Amino acid sequence: MRVVVIGSSGHIGTYLIPRLVDAGHDVVAVSRGRRDPYTPHGAWQRVTTITADRVAEEADDTFGKRVAALEPDVVMDLICFEESSARRLAAALTGRVRHFLHCGTIWVHGPSTRVPTTEDRPRRPLAHYGRQKAAIEAHLLDRAHRDGFPATVIHPGHITGPGWVPVNPAGNLDPAVFQALADGTEVTLPNLGMETVQHVHADDVARLFMDALANPAGSVGESFHSVATTALTLRGYAEAVAGWFGQDARLAYLPWEQWRDTVSEEQARITYDHIAHSPHCGMEKAQRLLGHRPRHTSLEAIAEAVNWLVAAGTITR
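Small disclaimer: the values here were computed from a predicted structure and weren't measured. (Residues numbered from 1 in each chain as written. Predicted model: local features only at pLDDT ≥ 70, side-chain atom pairs only at ≥ 80, totals over all residues. Heavy atoms only, no water.)

A. Expanded view of the packing of helix α9 (residues 234-244) against helix α13 (residues 298-311). Two elements in contact, α9 and α13, have axes separated by 12 Å at closest approach and are oriented at 50°. As summarised for this structure, α9 and α13 are arranged oblique, according to the angle between their axes. The element α9 and its partner α13 pack so that their crossing is right-handed. Residues Y237, A240 and W244 of α9 form the contact with α13, whose participating residues are L299, I302, A303 and V306. (Axes fitted to C-alpha atoms, helices over the stretch in contact; angles between N-to-C directions. Helix = DSSP H or I, 4+ residues; strand = E, 2+ residues; numbered from the N terminus. Parallel < 35°, antiparallel > 145°, perpendicular 65-115°, else oblique. Left-handed = near helix turned anticlockwise from the far one by under 90°. Contact = heavy atoms within 4.5 Å.)

B. Representation of the environment of R46. Topologically, R46 is positioned in the loop between β2 (26-31) and β3 (48-51). The exposure class assigned to R46 is exposed, which follows from its relative accessible area of 56%. The spatial distance from the C-alpha of R46 to the C-alpha of A86 is 28 Å, given a sequence separation of 40 residues. Residue contacts for R46: discarding those within four places in its chain leaves V21 and D22. (Buried < 20%, exposed > 50% of the residue type's maximum accessible area, 1.4 Å probe, protein only.)

C. Structural context of the nonpolar core. Grouped together as the largest cluster of nonpolar side chains are 37 residues, with contacts concentrated most on V5, L16, I17, L20, M76 and F209. At the level of secondary structure, the elements contributing two or more residues to this core comprise β1 (2-6), α1 (11-22), β2, β4 (74-77), β5 (99-103), α7 (202-214) and α12 (284-290). Among the elements that make up this core, the one with the highest residue count is α7 (8 residues). Apart from residues lying up to four places away in sequence, F209 is in contact with I12, L16, M76, L78, L101, H102, C103 and I154. The next biggest cluster of nonpolar side chains, apart from the first, holds 27 residues, and it includes V197, L234, I275 and V310. (Core = buried A, V, L, I, M, F, W, Y, C linked by side-chain atoms within 4.5 Å.)

D. Spatial organisation of the sheet that holds β2. With parallel pairing, 7 strands are arranged side by side in an open sheet as β3-β2-β1-β4-β5-β6-β11. Each of the sheet's edge strands pairs with one partner strand only, and the pair in question is β3 and β11 (223-226). In this sheet, adjacent strand axes meet at a mean angle of 20° when their direction is disregarded. One ladder, built from 4 bridges, connects β1 with β4; its direction is parallel. What sits directly across from V5, in β4, is M76. Docked against the sheet, α7 engages β4, β5, β6 (151-156) and β11, running at close to 155° with respect to β5. (Pairing = 2+ DSSP bridges.)

E. A look at a nonpolar patch on the surface. Residues I79, F81 and Y129 make up a contiguous nonpolar surface patch of roughly 250 Å² in combined accessible area. The exposure class of I79 is partly exposed, given its relative accessible area of 33%. (Patch = residues over 30% accessible without salt bridge, like charges linked within 9 Å, V, L, I, M, F, W, Y side chains within 5 Å. Areas by Shrake-Rupley, 256 points an atom, 1.4 Å probe, with all protein chains shown as cover. Salt bridge = Lys/Arg side-chain N within 4 Å of Asp/Glu carboxyl O.)

F. Fine view of the pattern of salt bridges. Scanning the entire structure with this criterion turns up 19 salt bridges. In this structure, R46 and D22 form a salt bridge, with 3.6 Å as the shortest nitrogen-oxygen distance. Separated by 24 residues along the polypeptide, R46 in the loop between β2 and β3 and D22 in helix α1 bring together distant segments of the chain. Classification of D22 by relative accessible area gives exposed; the value is 52%. In this structure, the salt-bridge partner of R146 is D147, at a minimum N-O distance of 3.6 Å. A network of salt bridges, in which partner residues are shared, links R54, E58, D77 and R88.

Shape descriptors only; they carry no functional weight alone.
Now the structure itself:
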């Protein structure tokens, strides 16, 4: 099939594009720039690449028409963040595609209240990003159930893999936290370190997109989590990372109001987003309907990213 992937050179696309090519699909990769994928792969030589500024083209209402003009059988939208954008693209593709797959986020749920959180739990998003993703999901699945628009929504957790810094045990993106754990120096965590994060390897997200594509009868009109099968407490995560470097984690704890003053305003904001959600989502639905199981545990996925940071010299032993 002819598959158009929007936002193709990012975390998920790095793994998704080669999988689509290897499966025999005719792949068109749409992205804003010419950034190389995080991990090189020869399959990219067999992909048609198109540069498009989505924001600019949506401003004059040409983006959806441009995608439709590519005559896709399938569209995978990895970078849609506003309900209005999703509505326009879906309208342009109505009656013209066999499958439309959207990348959402587990943050549509807001904080976990019953764990593991299943896909049918209420949507109580905390901020603009989650609210917009929840609105996109509601619109696409309503279209699927009401008039047959062939939509599937996949909700990843904290995507990780080699090539970028994963969410760390303090709930932010500062590589110095990993360095401190590697050195055996003290790391201070917010509260009691019992909030949770739930990573997923980018390739496991790509695999779920592939499994949904291969089974439209089970995936159209549905949403699916894409996470490792267990969440990690910040404390347990820190202890595991320290152990990778032969260290015992030296951990201290401060109440949030004090802890946030120990880091930059940006890092505090990122940490708050993660610990306010403290996700712990389940993967039973994807296994039941699509036969999908993630191949990486949270720590296995994070370890690949950390090993890459060591090889790149970002973390020193």
